[in-house]
Amino acid sequence: QVQLVESGGGLVQAGGSLRVSCAASGLTFSSYAMGWFRQAPGKERVFVAAISRSGRRTYYGDSVKGRFTISRDNAKNMMYLQMNSLNPEDTALYYCGARRAFSLDYVPTAHDECEHWGQGTQVTVSS
């Protein structure tokens, strides 16, 4: 059974940093492109960052570029999102998504591209 489990969310002050993680199981992790998405109350799920199978290609949403860094460790079946210079606008439930990919360079940049999802981890940034 494919399972994605996010962790590391919490409450931080504006300007602070937080690192969230996604642990994958039940799949050949290196065959999947991965992504982070977030959803604030009353809003749609939006793209945050994505990473290719090997990690050699990354892509970021405009609102987080320069502040967030996505990474993965295929030996540990883990994906991470390092979030710096956090703003209250970053407050959301953060989800990791996975998409099996044949291309080594593919990154998922829309939520409907992912076939597996975690339960989400809450990130709250106070003013």
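Relevant structure appears above.
Keep in mind the model is a prediction, meaning the values are calculated, not measured.

## Some words on the overall build of the protein
Then, number 1: What the protein contains, in helices and strands, is zero helices and 11 strands.
Then, number 2: Starting at the N terminus and walking to the C terminus, you meet the elements of the protein as β-β-β-β-β-β-β-β-β-β-β.
Then, number 3: Buried positions account for 43% of the 127 residues belonging to the protein.
Then, number 4: Put simply, 61% of the contacts in the protein that link residues at least 6 apart link residues at least 24 apart.

## Here we look at the pairing of strand 7 (residues 68–73)
Then, number 1: By the alternation rule, side chains of strand 7 split into Phe68, Ile70 and Arg72, which are all buried, and Thr69, Ser71 and Asp73, of which none is buried.
Then, number 2: Taken together, the six bridges between strand 7 and strand 8 (residues 78–83) define a ladder with antiparallel strand orientation. From the neighbouring strand, aspartate 73 faces strand 8, where its bridge partner is methionine 78.
Then, number 3: Count of turn residues in the strand 7/strand 8 antiparallel hairpin: four residues, of which asparagine 77 carries a positive phi of about 55 degrees.

Basis of the calculations
Residues numbered from 1 in each chain as written. Predicted model: local features only at pLDDT ≥ 70, side-chain atom pairs only at ≥ 80, totals over all residues. Heavy atoms only, no water. Helix = DSSP H or I, 4+ residues; strand = E, 2+ residues; numbered from the N terminus. Buried < 20%, exposed > 50% of the residue type's maximum accessible area, 1.4 Å probe, protein only. Contact = heavy atoms within 4.5 Å. Pairing = 2+ DSSP bridges.

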